[in-house]
Amino acid sequence: MKNTEHSGAGFWRSLDELAGTKHFEESLHREFAPGAAEWRNFNRRAFLKLIGASLALAGLPACTRQPIGRILPYVNQPEELISGKPMFFATAMTLGGFATGLIVESHEGHPTKIEGNPGHPASLGATNIFHQAALLDLYDPDRSQDILQQGRPDTWDNFVTAMFDVLESQKSREGAGLRILTETIASPALHGQIQALLKQFPKATWHQYEPANRDNARDGSMLAFGQIVESHYQFDKAKVVVSFDSDFLYLHPHSVRYARDFASLRRARFPETEMNRLYVIESSPTVTGSNADHRFPLRAAEIEGVAFALAKQLGARFSNSAGNVNADWISAVAADLSDNPGQGIIVAGRNQPATVHALAHLMNHQLRNSGETVTYADSAEPNPINQTGSLRQLVEALDGNAVDVMVILGGNPAFTAPADFQFGEGLKKAKFSVHLAPDVNETSSLCVWHIPQNHFLESWGDARAFDGTISIIQPLILPLYYGKSAHELLDAMLAPLGRSDYEIVRGFWESQNPGPDFEDRWRKALHDGFIAKTNLPEKKVKLRPLESLSIDPGSAVSGGTASNSPPAVGRVTSLGVSSDPDADGLEITFRPDPTLFDGRFANNGWLQELPKPVTKLTWDNSAFIPPALADREELENGDVVEIEFQGRRLSLPVWITPGQPGGSIGLQFGYGRSRVGTVGTGTGFNVYKLRTSGAFWSGGGATLKKTGARHELASTEIQHVIDSPERQIVREGTFEDFRNDPDFVQKNSVSPSESGTLFKLGDFAWNGYRWGMVIDLSACIGCSACTIACQAENNIPVVGQQQVAAGRIMHWIRVDGYFRGAPANPQITHQPVPCMQCENAPCEVVCPVGATVHDKEGLNLQVYNRCIGTRYCSNNCPYKVRRFNFLQYADYNTPSLKPMWNPNVTLRWRGVMEKCTYCLQRISAARITAENQDRTIREGEIQTACQQVCPANAITFGNLNDPNSRVGKLRSHPLNFLMLGELNTRPRTAYLAKLRNPNPKIRA
């Protein structure tokens, strides 16, 4: 990786573009990547994998015509069902233990689309990529279908009998040999069942463990307040936000709500209003960091010293704090916070040690943010504990042969536990073990019994949101297989009466809220999806004296446990620390994968193929290394290196990552599964092999050695590149520029003229509806939820890793990332790119069969039956938004997948072009409803899939002919610009320029 010096004057999408490599130049001037139009070589293993059970998830079927099928009417149609008309039900999904309220669309009893619940405080109508992709997990043909004993099919009755026998033997010992392991639990009903079981067996032990746990946050609140409390942030009230390694916009339990609140102060601003300011100090590039006004990349070990320095600047006194950080920007940040008392937020990430969390609490109190923008409440978890310590106790009991009965509800600890725990070896020593899981994974294969776990769309349940709001989880479909829920398994342990999860959950809430009106209250909760006003009340806390806080070498490096490498704290500049970054060896940071999370979504093809927010990698993980390290070690993207860390070794490819701190290697866990479905098994590299309890989030002293091997990585970073970003592709400025000159974007835009443009202005009057879209780049956080929502709504297939590498990805809306500045710490701008819906459409004039045409409302349509696959339209599209089915990607045959497809959208076959349609099916449905009611379509009545999912509310859709519509007003906003507007294609999709709000006291 050479020639990366850059003045920062222009935008660039990759280091290849910045360096002007041959590979980039070739990609720039080709419509498709080299080899995209040819059949690529497959090895036998890859071919068999692609034609396995999960055909549609990475499929390669050969047929090019839709199969003939029968359509049979109902003999006796259910009274509540109208064929072709969807129904909507409220439910909730938990991730990391906490619930997000959802509304699920169902067609004739089959869930087909997931949306956010507008009334739920955790979602406000939005969702993230994990919620959207959960639909694919429901219909995954690789899901476990049978109860297994020692790997052989068995029955639920036999399991209940076996469980009853072993529990009977435990009664005389009061359950001393019984252990229960769960993930984070925030379900009142499930907690009640566990407590009832512990009452029966008082010497039994309940353990909890999540690989992305929040132990440091809990320990930090204990250090600051002497009790465990949760911090709740009001980002919609905060003028200044400082993040210490917290990805609160993307991977926080409350990230959907936080993204909505944060973006509310970033959207289209007028000169007389204010805009918030975000400072991010982080150890690896994140979505939150990419949205910062000032981002400071530091090694994880150095962030604690910066937190101390900022606290000192704000007036804190410490009697014994190590390290001395001197940086001009710390003084500027402290002044900015002090100038806005009660209107700032200091937030620490889960990967930072307890000391940093305590310092964040201290600074929020100093700045009078507590009680204003930061509030405290009891934890939504009924039993918040140190989960890593809890798992350690369980492993010690297993190793000591003290566990007779091991019950594991969810999770996959044999894969995710710290490497030094060797959980799998200990699990083999349990005399009777059972694992409730959706698939036969690494943990299930080591247990005596495996019980298939029902999907949340098949189950009854309850859970609290991060703020405590209670959600009722109700199913939309009967279980597809012979699965059970955690409620049913625990009920079988308590009293094998065969109660359903509905009876268990409803019975629990009736016992908690008895009364003659319970049925009415229960039905309202099911209708709304949550119980109103059940959020945990604000709690007054008293800050403990923290003068004795000091930098702890162990916590600063490894998140709370001793390490051999003390933190290196030197003079901090705007780009890093001037001390030798390699003095104590390389630092490693461990983070959840941004698309697979902790590995639980490894068999989800939608998430595997979704380009990651910063690197745009798909179907793989890698070691993120800074450009300087790549130059020193003469490494290129895809070079395989061997990393040695604390006596453990792992070989994996590297990805040169702009913004990765010097002397630091970023690793993301979740890949490298050995037992999961067809899609995920063997994909990527298992980073958990290097992660230990002594270096849970980061650690120093690692070494890196080039092996000489290569591994092909599939990245979309330089695919669909639009000539040059110096043209009118993306626009960016500062809030101060806008205040001083609201028209600065328009003045710097090139207006089309009839001479030298692609088309002359047309004279067609688009009467009636004229649909258009505006995307606010200041609000967009780059989470790619729009891409997954579009995929779910429009039946977009997955093509697999090799096809992505060939440039054949099928997403109808992509999220481009543009860097600006030096590779060591560039700014990142995210730009969603759907079809522009050009009024003067370049694709239409070259189509020999009229497959791409305009309708009377000006929408650029694609008629699949006419398309003969010439690809002229794609070649003539300057926006690179058209996708071609080189192979038969869509699966018509796998039975479990058929109910998933949106019946209002055609499944495309091989050899046709496809693209974004502004969700024409939603427009048509609204038009039919309006015509039946003899009225016009109302403002906001139509929401495209990308608009509805967006947690930042960055996308606006509507009728451009209505001057009072929100989209119409935004099109006349001074920040409005058209991508490649100088070509005179007259696109219906427009953008608002990206604004940042940098502190003028901090040099760039």
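Residues numbered from 1 in each chain as written. Predicted model: local features only at pLDDT ≥ 70, side-chain atom pairs only at ≥ 80, totals over all residues. Heavy atoms only, no water.

Draft legend 1. Region of interest: the packing of helix α10 (residues 300-313) against helix α11 (residues 328-338). For the pair α10 and α11, interaxial distance at closest approach is 9 Å and the crossing angle is 50 degrees. Classified by the angle their axes make, α10 and α11 are oblique. The element α10 and its partner α11 pack so that their crossing is right-handed. Side by side, α10 and α11 meet where V306, A309, L310 and Q313 of the first sit next to W329, I330, S331, V333, A334 and L337 of the second. Looking at the contact of α10 with α11 residue by residue, the classes come out as 8 nonpolar, 2 polar and no charged. (Axes fitted to C-alpha atoms, helices over the stretch in contact; angles between N-to-C directions. Helix = DSSP H or I, 4+ residues; strand = E, 2+ residues; numbered from the N terminus. Parallel < 35°, antiparallel > 145°, perpendicular 65-115°, else oblique. Left-handed = near helix turned anticlockwise from the far one by under 90°. Contact = heavy atoms within 4.5 Å. Nonpolar A, V, L, I, M, F, W, Y, C, P; charged D, E, K, R; others polar.)

Draft legend 2. The pattern of salt bridges, seen in detail. Overall, the coordinates contain 47 salt bridges when judged by the stated rule. The partner of R632 in a salt bridge is E633, and the shortest N-O contact between them spans 3.3 Å. Note on R632: relative accessible area 47%, which makes it partly exposed. (Salt bridge = Lys/Arg side-chain N within 4 Å of Asp/Glu carboxyl O. Buried < 20%, exposed > 50% of the residue type's maximum accessible area, 1.4 Å probe, protein only.)

Draft legend 3. Inspection of the nonpolar core at higher detail. Ranked by internal contacts, the top residues of the largest apolar core, which has 236 residues, are F244, L310, F423 and L667. No other element matches helix α4 (residues 129-139), which puts 8 residues into this core. Dropping the residues within four chain positions of it, L667 is found in contact with I588, T589, F590, R591, S622, A623, I643, L652, V687 and L690. With 32 residues, the next largest nonpolar core counts F159, A204, V448 and L494 among its residues. (Core = buried A, V, L, I, M, F, W, Y, C linked by side-chain atoms within 4.5 Å.)

Draft legend 4. Summary view of the confidence of the model for the chain. Of the residues in the chain, 85% reach a pLDDT of 70 or more, and the chain-wide mean stands at 86. Per-element confidence in the chain ranges from a low mean pLDDT of 38 for strand β21 (residues 572-573) to a high of 97 for strand β10 (residues 240-244). Note that pLDDT drops below 50 for residues 1-9; the model gives that stretch 23 contacts with residues more than four away or on any other chain. Taken together, the stretch residues 554-579 has pLDDT below 50 and engages in 81 contacts with residues farther than four places along the chain or on a different chain. (pLDDT = per-residue confidence, 0-100.)

Draft legend 5. How the structure looks around unusual backbone geometry. Of note, R368 is a non-glycine position whose phi angle comes to about 60 degrees, a positive value. If you trace the backbone, R368 turns up in the loop between α12 (354-366) and β14 (374-377). Since its relative accessible area comes to 56%, R368 is described here as exposed. With a phi angle near 60 degrees, K533 is a residue other than glycine that sits in the positive phi range. For K533, the location among the structural elements is in the loop between β20 (530-531) and α19 (553-558).

Draft legend 6. Fine view of the sheet that holds β20. Spatial ordering of the open sheet is given by β18-β19-β20, a layout of 3 strands whose pairing is antiparallel. The open sheet is flanked by β18 (461-464) and β20, the only strands paired with a single partner. Bridge count between β18 and strand β19 (residues 470-473): 4 bridges; the pairing is antiparallel. Each bridged residue has a counterpart across the sheet, and for G461 the counterpart in β19 is I473. Sheet strands in contact with helix α17 (residues 501-512) are β18, β19 and β20, and its direction is about 55 degrees off that of β18. (Pairing = 2+ DSSP bridges.)

Draft legend 7. Structural view of the side chain of T100. The residue T100 is located in strand β3 (residues 98-107) in this model. Sequence-distant contacts of T100, that is, excluding residues within four places in its chain, are made with T91, A92, M93, H120, A122, S123 and H131.

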